[in-house]
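# Per-entry structural report
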Amino acid sequence: MNLSVHLPGLSLQNPILPASGCFGFGREYSQFYDLNKLGAITIKAATGETRFGNTTPRVAETSSGMLNAIGLQNPGVEKIISDEIPFLEQYSTPILANVAGSTEEEYEYVAKTLSDSGKVSALELNISCPNVKEGGIQFGTDPTLAASLTKKVKDISDVPVYVKLSPNTSDIKEMAIAVEAAGADGLSMINTLVGMKIDIGTGEPILSNHTGGLSGPAIKPIAIRMIYEVSQVVNIPIIGMGGVTCKEDVLEFLLAGASAVAVGTANFRNPLICPELIDALPELLDQYAYSSIEECIGRSWKNARESAPFSRS
Amino acid sequence: MLTKEDLIIVENKQIAKDTYEMKLTGEVVQFMTEPGQFLHVQVGDGWEHALRRPLSIANVERDNVSVVYKVIGFGTEWLAKQPEGQKINVLAPLGNGFPYKDVKNQHVLLIGGGVGVPPLYYLARKLKDQGNTITTVLGFQSKDAIFYEEKFQELGHCHIATDDGSYGTKGFVTDVVKQNAFSVEKYFSCGPTPMLKAVIQSMSIPGYISLEERMGCGVGACFACVCEANNDIDVKGYRKICQDGPVFSAKEVVLS
Ligand SMILES: Cc1cc2nc3c(=O)[nH]c(=O)nc-3n(C[C@H](O)[C@H](O)[C@H](O)COP(=O)(O)OP(=O)(O)OC[C@H]3O[C@@H](n4cnc5c(N)ncnc54)[C@H](O)[C@@H]3O)c2cc1C
Ligand SMILES: Cc1cc2nc3c(=O)[nH]c(=O)nc-3n(C[C@H](O)[C@H](O)[C@H](O)COP(=O)(O)O)c2cc1C
Ligand code: FES
């Protein structure tokens, strides 16, 4: 079975990639399997300078999920290019580089530095990190700001730009339409949902940042609904994510309208999840009589275009 | 050699108040040669509990690895209920253990508190094999929480402190250390952070400590488990406890 998917800048041999922040820069999981197996690799967010992130505790477990408030800890874009990406160059797997910042200028600087390095296949503009005080989320909730940022980054980038949308907004369709109009080549969705957990023993929040981003199976129905809605109102491809743990989830994301599927939290429980999903896909597609990934994409609404409530046409 | 494997429970029994010792067997046990390394243990069925639980290697004998855990929440409660023969999925062996290989024919002090005691036992055995004289100071909340006292006695002197004075010295491990003025050349310590801080403050000889933090991946990919590095020796500014530790030189990190 042919599992390949062709997206702007990303020629994927299969639709599975790890999600940003859940796979470091690849080194750790390369101890478990050959990273050439993956469709692509999304690396951890890069900012202009070194960031140390939030104080610990940074993670808490919740029902079928977890909260994280890492706070974009990373060595800075220059060190990522000089110290981290070279390791990944031994693999033929395309790299999707996650770009973060506090100001438009910082986003532009990081994007330009990564694009100019010639070492990444595409950028993923993270306008949706809920764990930093400045930047991130405000770009992710205001369509005008998001569009302006997207346009600026598009202007200085030679590689395609995917915009990673936040679910922490009242109308994600509006955000998607705005960044598409500003030139985005694709979308990534969803990032984590803002949540909180209180230790009933101490009476205090567990995370030192108090709130954190909820990920894992708990958020999957929200991701599916949002991808289903957004994929009907834009013409750019979507990398779907949020709670994927099994092959059936992958198919569900494709049917909702995603063209590729990223796996985040599930890597922590099962470091082999990505290759296992890739190996399991052909039989599953066969079982449901699909002969390619392409055929599955958006199937949940394509069959019923006329009656689809979110259709633009 | 990082591995994900189903280990089989050989024994799972209560050894003190709320404290259990579990012996597991499997292929990966042969690679568990470094005391201070840990297992990242999957708990529960399905995805209700998304995160694994880190537990230290307490001992390795033949094909069996032991862990000693205190029941404090869902995961450890679940572990306590698992019968012999049951499979437990682990990632192992993780992290860097205590640097014991060059410690030979010395007098060393091991200082443990509560569930920080387990990794020190495997360490004590390794140190003993290398001709070292071992003195151990262990702190527990109360008499009924004490475990492994005899096992440490077999390897050297073992002093016990309890918070409530129901056994041994009343007070903290640091009280025992002060009262005895042991003439030791090195110390190794594992326990709650406030204890480690007090230990570091009271010691003037080189020492190694094992740290705890809430973890996501357990392998260095998620940046959940960082601690502050001593900036005099490292511009990076942080360490990942799961990957760079959990054992650090006492001078290498700043405890918060
Ligand atoms: C390197 C390392 C080695 C450890 N070795 C041992 C050991 O040998 N014996 C032992 O009894 N305990 C040990 N711990 C602590 C042990 O991991 C926790 O007690 C355990 O995870 C609690 O799980 P739970 O589901 O019962 O508790 P819950 O409170 O239900 O757990 C909820 C979440 O919080 C995390 N968590 C809660 N307390 C801690 C803690 N103190 N440290 C890290 N994560 C925590 C859990 O892993 C889980 O993700 C170690 C911790 C670390 C970091
Ligand atoms: C520990 C952790 C760190 C993350 N860091 C980033 C990040 O740096 N940039 C980003 O765009 N998303 C980050 N995310 C979000 C994930 O990429 C993903 O969008 C989200 O977790 C939903 O997918 P999942 O349920 O499969 O984890 C992070 C998630 C987690 C759990
Ligand atoms: S737990 Fe993920 S980096 Fe340590």
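Given the structure is predicted, the values throughout are model-derived calculations rather than measurements.

## Side note on the sheet that holds strand S13 (residues 207-210) of chain B
Residue and element names in this part refer to chain B. Pairing is mixed in the open sheet, where seven strands are placed in the order S11-S10-S9-S8-S12-S13-S16. The sheet terminates laterally at strand S11 (169-170) and strand S16 (247-249), the two strands that pair on one side only. Against the sheet, helix H2 (residues 118-129) touches strand S8 (107-113), strand S9 (133-140) and strand S12 (186-190), its axis set at about 170 degrees to S8.

## Quick word on the packing of aromatic side chains
As enumerated under the stated definition, the model contains 13 aromatic pairs over all chains in all. Their ring planes at 10 degrees and their centres at 5.7 Å tell us that Tyr20 of chain B and Tyr69 of chain B sit as a pair that is stacked. Residue Tyr20 of chain B is found in strand S2 (residues 19-25), and its partner Tyr69 of chain B is found in strand S6 (residues 64-70); the two are separated by 49 residues along the sequence. Judged on exposure class, the residue Tyr20 of chain B and its partner Tyr69 of chain B are both buried. When the centroid spacing of 5.7 Å and the interplanar angle of 20 degrees are considered together, the rings of Phe188 of chain B and Tyr208 of chain B count as stacked. Within this pair, whereas Phe188 of chain B is found in strand S12, its partner Tyr208 of chain B is found in strand S13, the two being separated by 20 residues in sequence. A connected cluster of aromatic rings, assembled from ring pairs, spans Tyr121, Phe140, Phe147, Tyr148 and Phe152 of chain B. Between the NZ or CZ atom of Arg269 of chain A and the centre of the ring of Trp47 of chain B, over which it lies, the distance is 5.0 Å.

## Comments concerning the domain arrangement of chain B
All names here are of chain B. The domain architecture assigned to chain B consists of domain 1 (3-94) and domain 2 (107-210). A separation of 23 Å is found between the C-alpha centroids of domain 1 and domain 2. Across the contact, 20 residues belong to domain 1 and 14 residues belong to domain 2. Surface buried jointly by domain 1 and domain 2 totals about 1400 Å² across both partners, of which 58% is contributed by carbon and sulfur atoms.

Rules of the game
Residues numbered from 1 in each chain as written. Chains lettered and ligands numbered in written order. Predicted model: local features only at pLDDT ≥ 70, side-chain atom pairs only at ≥ 80, totals over all residues. Heavy atoms only, no water. Pairing = 2+ DSSP bridges. Helix = DSSP H or I, 4+ residues; strand = E, 2+ residues; numbered from the N terminus. Contact = heavy atoms within 4.5 Å. Axes fitted to C-alpha atoms, helices over the stretch in contact; angles between N-to-C directions. Phe/Tyr/Trp six-rings, centres within 6.5 Å; stacked < 30°, edge-to-face > 60°. Buried < 20%, exposed > 50% of the residue type's maximum accessible area, 1.4 Å probe, protein only. Lys NZ or Arg CZ within 6 Å of the ring centre and 35° of its normal. Domains from an automatic or database assignment. Buried area = accessible area lost by both parts, 1.4 Å probe.

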